[in-house]
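# A structural walkthrough
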Amino acid sequence: MKILVVYYSMYGHVHRMAEAVADGAREVKGAEVLMRRVPETLPEDVLGKMGALEAQKRFVHVPVCTQEELASADAIIFGTPTRFGNMCGQMRQFLDATGGLWARGALVGKVGGVFTSSGTQHGGQESTILSFHITLLHHGMIVVGLPYAFQGQMRTDEVSGGSPYGASTIAGTSGERTPTENELAGARFQGRHIAEITARLTA
Ligand SMILES: Cc1cc2nc3c(=O)[nH]c(=O)nc-3n(C[C@H](O)[C@H](O)[C@H](O)COP(=O)(O)O)c2cc1C
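### Side note on the packing of aromatic side chains
- Taken as a whole, this structure holds two aromatic pairs when the rule is applied.
- Aromatic pair F78 and F132: ring centres 5.2 Å apart, planes at 40°, arrangement tilted. Here F78, found in strand β3 (residues 75–81), pairs with F132, found in helix α7 (residues 125–138); they are 54 residues apart in sequence, far enough to count as distant. Across the pair, F132 and F78 agree in class, each one buried.

### Describing the site of the ligand
- Contacts to the ligand come from 18 residues, most closely from S9, H13, T82, S117 and G123.
- M10 places a main-chain nitrogen or oxygen 2.8 Å from an oxygen atom of the ligand.
- Here the ligand loses 81% of its free accessible area of 640 Å² to cover by the protein chains.
- If you list the elements that add at least two residues to the shell around the ligand, you get α1 (13–26) and β4 (111–118).
- Among the residues making up the shell around the ligand, the classes are represented as seven nonpolar, 10 polar and one charged.

### Quick word on the pairing of strand β1 (residues 2–7)
- Counting buried positions over the six residues of β1 gives five, a clear majority of the element.
- Pairing analysis gives six bridges linking β1 to strand β2 (residues 32–37), with the strands arranged parallel. Residue pairing in the sheet places V6 in a bridge with R36 of β2.
- Remark: the β1/α1/β2 crossover connection has right-handed handedness.
- With five bridges connecting them, β1 and β3 associate as parallel partners.

### What to know about the confidence of the model for the chain
- Here the chain averages 98 in pLDDT, and 100% of its residues register 70 or above.
- When pLDDT is averaged over each element of the chain, β3 comes out on top at 99 and helix α3 (residues 53–56) at the bottom at 94.

### Details of the state of the cysteines
- Counting across every chain of the model gives zero disulfides.
- No disulfide involves C65; its sulfur sits 14 Å from that of C88, the nearest cysteine.
- C65 sits in the buried class, given a relative accessible area of 6%.

### Let's talk about the nonpolar core
- Membership of the largest hydrophobic core comes to 30 residues, with the highest contact counts inside it found for I3, V5, Y7, V33, M35 and F115.
- Among the secondary structure elements, those contributing two or more residues to this core are β1, α1, β2, β3, β4 and α8 (181–202).
- With sequence-adjacent residues up to four places away left out, V33 is seen in contact with I3, V5, A22, A25 and R26.
- In this structure, L47, L95, A106 and L107 belong to the second largest nonpolar core, which totals 25 residues.

Analysis parameters
- Every residue gets a number counted from 1 within its own chain, in the order that chain's sequence is written.
- Owing to the predicted nature of the model, reporting of local features is limited to residues with pLDDT of at least 70; listing and counting of side-chain atom pairs is limited to 80 or more, with chain, interface and lining totals taken over all residues.
- Side-chain figures throughout are based on the complete set of non-hydrogen atoms in the structure, without hydrogens or water.
- Any pair of Phe, Tyr and Trp rings, taking the six-membered ring for Trp, is counted once the centres come within 6.5 Å. Such a pair is stacked with planes under 30 degrees apart, edge-to-face with planes over 60 apart, and tilted for the rest.
- Note on conventions: DSSP H or I runs of at least 4 residues are helices, E runs of at least 2 residues are strands, and numbering of each starts at the N terminus.
- Using a 1.4 Å probe on the protein chains alone, a residue whose accessible area is under 20% of its type maximum counts as buried, one over 50% counts as exposed, and one in between counts as partly exposed.
- Proximity is defined per residue: any heavy atom of the residue falling within 4 Å of a molecule or strand makes that residue near it.
- Whenever two N or O atoms come within 3.5 Å, that pair is a polar contact, provided that in protein one can donate a hydrogen and the other can accept it, and provided that, for residues adjacent in sequence, both atoms are side-chain atoms.
- Under the convention used here, a 1.4 Å probe and the Shrake-Rupley method define accessible areas, while residue burial counts only the protein chains that appear.
- Under this grouping Gly is polar, as are all residues other than the nonpolar Ala, Val, Leu, Ile, Met, Phe, Trp, Tyr, Cys and Pro and the charged Asp, Glu, Lys and Arg.
- Paired strands, in this sense, are two strands between which DSSP finds at least two bridges.
- Looking down the strands as they point away from the viewer, one classifies a crossover as right-handed if the path from the first strand across the helix to the second runs clockwise.
- As a per-residue measure, pLDDT reflects the predictor's confidence and takes values from 0 up to 100.
- Disulfides are defined as cysteine sulfur pairs within 2.5 Å.
- Take the buried residues of types Ala, Val, Leu, Ile, Met, Phe, Trp, Tyr and Cys, join any two whose side-chain atoms come within 4.5 Å, and each joined set is a nonpolar core.
- In what follows, residue pairs with any heavy atoms lying within 4.5 Å of each other are defined as contacts.

Dropping the structure here:
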């Protein structure tokens, strides 16, 4: 059972969440979990001006995802930062290159899920995840979120990401916040949950 965690991260928040999603998926017997990035589309000088180059050193070693890896996975869990309430352009461009996979129904019946990060608490995490789901549905994927069985999303005693649509973290307007233990627990739960469902489907 192959579980692919595919993400874009500019400052490291989505990367940290991706690690937690992968850890959760690895808890399921028989899961082979791969972490992959989508290609960067911004020139280095722009990334420099955005203050991203130092942070990106932490995950530049993660291999870039290939179309074949998408086709051979049993489940694909996508991570993206929120950009104006949507997925980031890097992820959009990556997905827009999957027309060939769509044409041959290569992703039909695979399990899919989405997690995200935003700068602010109400900055569009849910719209990012839900609008991302549209692409997964066009590919014929089986969309899985983060059920309330993850009780951490009921918490009101601290600021926290996480919704029925998927795990998330709040990065802060300057990226000063790091994913909290509760947000990471949501990410691990989603990874494990998707791997468990995939295990049943592939049995
Ligand atoms: C062009 C742009 C648009 C953004 N749009 C939003 C937004 O709509 N809502 C929000 O809360 N944060 C927004 N952000 C902040 C990012 O979501 C935040 O930097 C990201 O979640 C951090 O994740 P990363 O460290 O993995 O890159 C935006 C950032 C950029 C650069």
